[in-house]
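As a plain string of letters, each chain reads:
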Amino acid sequence: MREVIRAENLEKRFGDFAAVKGVTFSVAEGEAFGFLGPNGAGKTTTMRMVQCVSPRSGGHLEVLGMDPATDAREIKALLGVVPQEDNLDPELTGYENLRTYARYFGVAKDVAEERIARLLAFVEMEKKKDVIIEHLSGGMKRRLVLARALVNDPRILVLDEPTTGLDPQARHLIWDQLQGLQAEGRTIVLTTHYMEEAERLCDRLVIMDHGGVLIEGSPADLIDQTIGRQVLEAEAVPAVLSCLDRHGLRYDLVGRSVLVPTDDPAQMTGTLLHECGSIKLATRPTTLEDVFLKLTGRRLRE
Amino acid sequence: MKRQLSSLAWAVWQRNLDVFSKTWQVNLIPPAIEPVLYLLALGFGVGAFITDIEGVPYIRFIAPALFAVSVMNASFFECTYGSYVRMYYQKTFDAIVATPVTIEEVIAGEILWGATRSLISAGIILPVLVLFGVVDLPGSLLLVPFAFAAGLLFASIGMCFTAVIPNIESINYPAFLFITPMFLFSGTFFPLDLLPPPLQAAALAVLPLAHVVNVARALTLSTGWGFLLLGLLWIGIAAPILFFFALRLMKRRLIV
Ligand SMILES: Nc1ncnc2c1ncn2[C@@H]1O[C@H](COP(=O)(O)OP(=O)(O)O)[C@@H](O)[C@H]1O
Ligand SMILES: [Mg+2]
């Protein structure tokens, strides 16, 4: 697989504050690559360096074989960007927004017209294409931003929290569209703090926190590496805890319950029920959320 | 710098023109009315108490100044309030720099647009002045291209402020401490030579509007060619310097 983005020890400082500290990752052509992390982890800062709108403070970065520091214009011509905050022109209609954006890429007028019509259909905004942005819902604006990111027929789509704040219907629609775009052969890079989104969309992902990468792999790999496939959840009563301690088992306390990773849920369930009598417990497959919370902690962010 | 500035700046200009065209009624009518009010109040009202100034009726004396002031206001406020709203509230600049358009081109496009606003204002006011019969023809027709040049100057000045102010309310500083004094002391409503000589020299050295008024007045009264040359020279030197300075300041503000 060809590498389309490569970052080595990528750094970003704002004055004395290091927002990104030595991040290394690489994205292969055609894959969907995710950055998962809590608020303030440095996801947006990393994306902005990839998008060539924010100069890096250190390290190495290559996008489509070029250096953002010197070939920003050439790189940006091949990227489609969905920023974290919607920044459509509020006074223009959806159609006008796309037409205006196509001009920034120097797309020829007839090519642009044909492409815009196709994109408006793709994001299901044909009927609303002549409505001023101010009067559209959040989901509609997000879809228009996605369509706008495609007016230059980009090779890489960079999406910063594409579905944050959307209702489930709007979110699922965007997911379908992103999967369609990946099927067309485009590379997708996205940030999110929704586990389900990461699990569903990403072939590979990194979990970031405090400006660094904590772990990298496919969603399934991350689960295997960090916790194991199954987890047993029980009431955190003294009897259970002492029983777990007696067997030397690793566990995490989460509120009023205790989480025990296990490869053999049946046997562990038997042990606990046998030794502690009647307690509430359940087993379930481990999710990315368990991995995420284990790695980034439970402390509230921002 | 060269590689960072291309004709893509006009795509930014076009975006502003598109938005402007959607609301042209509100955009065109008010700026047309203000100078007419000044002309009536000052020209006929105040003018009735004033003998000729430098051999011309008061209304003919202030006509080019009113022209210059509206050219100044159009571009200055476009590149302060207008640009600040696009930059800070609408994040329009962020959206554009994610494309092959550079930040330099965004700012250049904004300044070109500011100058275009001056041009539009000129296009509205000049017919009014002609209608009142207070400007010479055909010389005054040159006010139209001149408005664009003066617009570039004031747009660049406005953009320099936009690049450094912390919030939109701060536009009051240049508006009241720079634009208002300039409005009063640029040979607009009374001739510069009524000022003490050191102040006169200071006005010509640092008040861009003084030169714009001088050039406009030379064109509408067909006299004062020395001031016209001086004014064109001053504007010709100051405008490019301030233009590139604005690009630099904006880049410093936005590229982090
Ligand atoms: N322009 C900036 N100046 C100073 N600090 C910044 C700037 N942009 C981001 N930061 C800081 O960098 C850190 C990472 O921010 P960000 O990349 O936006 O995180 P995320 O997108 O993962 O939520 C945060 O602590 C944020 O406050
Ligand atoms: Mg972010």
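Placed above this text is the structure.
Before going into details, it helps to say that this report is about the structure given with it. (Residues numbered from 1 in each chain as written. Chains lettered and ligands numbered in written order. Predicted model: local features only at pLDDT ≥ 70, side-chain atom pairs only at ≥ 80, totals over all residues. Heavy atoms only, no water.)

1. Comments concerning the overall build of chain B
Alright, step 1. Within chain B, the secondary structure is distributed over ten helices and zero strands.
Alright, step 2. Ordering the α and β elements of chain B from the N terminus gives α-α-α-α-α-α-α-α-α-α.
Alright, step 3. Computed over C-alpha atoms, the radius of gyration of chain B comes to 18 Å, within 12% of the 18 Å expected from 2.2 N^0.38 for 256 residues, which places it in the range of a compact globule.
Alright, step 4. Over its C-alpha atoms, taken along the principal directions, chain B stretches across nearly 60 × 40 × 35 Å.
Alright, step 5. Counting every position in chain B, which comprises 256 residues, the buried fraction comes to 55%.
Alright, step 6. Accessible surface, chain B as shown: approximately 10900 Å² in total, 73% of it carbon and sulfur.
Alright, step 7. Averaged over its 13 positive side-chain charges, chain B has a centre that lies 11 Å from the centre of its 12 negative ones. (Helix = DSSP H or I, 4+ residues; strand = E, 2+ residues; numbered from the N terminus. Rg over C-alpha atoms; globule rule 2.2 N^0.38 Å. Buried < 20%, exposed > 50% of the residue type's maximum accessible area, 1.4 Å probe, protein only. Areas by Shrake-Rupley, 256 points an atom, 1.4 Å probe, with all protein chains shown as cover. Lys, Arg positive; Asp, Glu negative; His and termini not counted. Charge placed at Lys NZ, Arg CZ, Asp CG, Glu CD.)

2. What about the site of ligand 1?
Alright, step 1. Ligand 1 sits among Phe14, Phe17, Ala19, Pro38, Asn39, Gly40, Ala41, Gly42, Lys43, Thr44 and Thr45 of chain A together with Val256 of chain B.
Alright, step 2. Nearby residues around ligand 1 are contributed by chains A and B.
Alright, step 3. Protein burial of ligand 1: of its 560 Å² of free accessible surface, 64% is covered by the chains.
Alright, step 4. At the level of elements, strand E2 (17–28) and helix H1 (43–50) of chain A are the ones that each hand at least two residues to the shell around ligand 1.
Alright, step 5. The leading source of residues in the shell around ligand 1 is H1 of chain A, at three residues.
Alright, step 6. Residues of the shell around ligand 1, tallied by class, amount to six nonpolar, five polar and one charged. (Near = heavy atom within 4 Å. Nonpolar A, V, L, I, M, F, W, Y, C, P; charged D, E, K, R; others polar.)

3. As for the nonpolar core
One broad trend across soluble globular proteins is that nonpolar side chains are buried collectively.
Alright, step 1. Membership of the largest hydrophobic core comes to 82 residues, with the highest contact counts inside it found for Leu146, Leu157, Leu178 and Leu288 of chain A together with Val106 and Ile107 of chain B.
Alright, step 2. Sorting elements by how many residues they give to this core places helix H10 (residues 225–254) of chain B first, with six residues.
Alright, step 3. If we skip the residues at most four places from it in the chain, Leu157 of chain A touches Gly80, Leu146, Ala149, Leu150, Leu178, Leu181, Thr187, Ile188 and Val189 of chain A.
Alright, step 4. Among the nonpolar cores identified, the runner-up in size contains 53 residues, and Leu42, Ala68, Phe183 and Val213 of chain B belong to it. (Core = buried A, V, L, I, M, F, W, Y, C linked by side-chain atoms within 4.5 Å. Contact = heavy atoms within 4.5 Å.)

4. What about a nonpolar patch on the surface?
Alright, step 1. On the surface, a nonpolar cluster with roughly 290 Å² of combined accessible area is contributed by Phe14 and Phe17 of chain A together with Val256 of chain B.
Alright, step 2. Mapped onto the elements of the fold, Val256 of chain B is located in the segment after H10.
Alright, step 3. Val256 of chain B sits in the partly exposed class, given a relative accessible area of 44%. (Patch = residues over 30% accessible without salt bridge, like charges linked within 9 Å, V, L, I, M, F, W, Y side chains within 5 Å. Salt bridge = Lys/Arg side-chain N within 4 Å of Asp/Glu carboxyl O.)

5. Notes on the sheet that holds strand E12 (residues 257–262) of chain A
Residue and element names in this part refer to chain A.
Alright, step 1. The four strands are arranged E11-E12-E10-E13 in an open sheet whose pairing can be described as antiparallel. Both edges of this open sheet fall to strand E11 (252–254) and strand E13 (281–285), since each of them pairs with a single strand only. Sheet twist, expressed as the average angle between the axes of neighbouring strands with direction ignored, equals 30°.
Alright, step 2. Note that strand E10 (residues 230–235) and E13 share five bridges and pair antiparallel. By the bridge assignment for E13, Val231 is matched with Arg284.
Alright, step 3. Lying on the sheet, helix H10 (residues 265–276) is in contact with E10, E12 and E13; it crosses E13 at an angle near 170°. (Pairing = 2+ DSSP bridges. Axes fitted to C-alpha atoms, helices over the stretch in contact; angles between N-to-C directions.)

6. Here we look at the layout of surface pockets
Alright, step 1. Each pocket or cavity is described by its volume, and for the largest pocket that value is around 620 Å³.
Alright, step 2. Taken together, 25 residues make up the lining of the largest pocket; nearest its centre are Arg48, Glu85 and Asn87 of chain A together with Lys91 and Asp94 of chain B.
Alright, step 3. Only H1 of chain A together with helix H3 (58–89), helix H4 (92–97) and H10 of chain B provide two or more residues apiece to the lining of the largest pocket.
Alright, step 4. The greatest single-element share of the lining of the largest pocket, amounting to four residues, is contributed by H4 of chain B.
Alright, step 5. A breakdown of the residues in the lining of the largest pocket according to their chemical character gives 14 nonpolar, four polar and seven charged. (1 Å grid on protein atoms, 1.4 Å probe; cavity = no way out; pocket = protein on both sides within 12 Å on 5 of 7 lines; lining within 4 Å. Points joined across faces, edges and corners; volume = space filled by probe spheres on them.)

7. Things to note about the interface of chain A and chain B
Alright, step 1. With 29 residues of chain A at the contact, the number on the chain B side is 27 residues.
Alright, step 2. When the two sides are added together, the surface that chain A and chain B hide from each other amounts to roughly 2300 Å², 53% of it contributed by carbon and sulfur.
Alright, step 3. Of all residues in chain A, Arg73, Arg103 and Tyr104 of chain A bury the most surface against chain B, accounting for 33% of the area lost on that side.
Alright, step 4. The interface formed by chain A and chain B holds seven salt bridges in total.
Alright, step 5. Of the charged contacts in the structure, one is a salt bridge between Glu91 of chain A and Arg15 of chain B, with a shortest N-O distance of 3.8 Å.
Alright, step 6. For the pair chain A and chain B, the interface holds twelve residue pairs in polar contact (both at pLDDT 80 or more).
Alright, step 7. At the level of secondary structure, the elements contributing two or more residues to the side of chain A that touches chain B comprise strand E1 (3–14), helix H2 (72–76) and helix H3 (94–104) of chain A.
Alright, step 8. For the side of chain A that touches chain B, the element with the highest residue contribution is H3 of chain A, accounting for six residues. (Buried area = accessible area lost by both parts, 1.4 Å probe. Polar contact = N/O pair within 3.5 Å; in protein donor to acceptor, adjacent residues only side chain to side chain.)

8. Notes on the pattern of salt bridges
Residues and elements named next belong to chain A.
Alright, step 1. Tallied over the full model, the rule gives 31 salt bridges over all chains.
Alright, step 2. The partner of Glu216 in a salt bridge is Arg204, and the shortest N-O contact between them spans 2.6 Å. Pair noted here: Glu216 is in strand E9 (residues 212–217) and Arg204 is in strand E8 (residues 204–209), with a separation of twelve residues, a long-range link.
Alright, step 3. Judged by its relative accessible area of 35%, Glu216 is partly exposed.
Alright, step 4. Ionic pairing is found between Asp290 and Arg284, a salt bridge with its closest N-O pair at 2.9 Å.
Alright, step 5. Take Asp290: its relative accessible area is 11%, and that puts it in the buried class.

9. Some thoughts on helix H8 (residues 219–226) of chain A
All names here are of chain A.
Alright, step 1. Listed as buried for H8 are Pro219, Leu222, Ile223 and Thr226. Across the axial projection of H8, the buried residues extend over an arc of 100°, all falling on one side.
Alright, step 2. The first or second residue beyond H8 is Gly228, which carries a positive phi of 110°. (Arc of directions from axis to C-beta.)

10. Observations regarding the coordination of the magnesium ion (ligand 2)
All names here are of chain A.
Alright, step 1. Those protein atoms acting as donors to the magnesium ion (ligand 2) are Thr44 (OG1) and Gln84 (OE1), and they sit at 2.0 to 2.2 Å. Taken together, the positions of Thr44 in helix H1 and Gln84 in the loop between strand E5 (79–82) and H3 put the pair 40 residues apart, joining distant regions of the chain.
Alright, step 2. A residue is classified by how much of its surface remains accessible, and Thr44, at 26% relative accessible area, is partly exposed. (Donors = N, O, S within 2.8 Å, 3.2 Å for Na, K, Ca; no water.)

11. Here's the deal with the side chain of Asp18 of chain B
Alright, step 1. One can find Asp18 of chain B in helix H1 (residues 9–22).
Alright, step 2. In this view, Asp18 of chain B contacts Arg99, Thr100 and Arg103 of chain A; residues no more than four positions away in its chain are not counted.

12. Thoughts on the sheet that holds strand E7 (residues 187–192) of chain A
Residues and elements named next belong to chain A.
Alright, step 1. Within the open sheet, the six strands sit side by side as E5-E6-E7-E3-E8-E9. Their pairing is mixed. Each of the sheet's edge strands pairs with one partner strand only, and the pair in question is E5 and E9. Taking each pair of neighbouring strands and ignoring which way they run, the sheet shows an average axis angle of 15°.
Alright, step 2. Direction of pairing for strand E3 (residues 32–36) relative to E7: parallel, over a ladder of five bridges. Each residue of the ladder has a partner; that of Ala32, found in E7, is Ile188.
Alright, step 3. In this fold helix H11 (residues 288–296) packs onto E3, E8 and E9, with an angle of close to 30° to the strand it touches most, E8.

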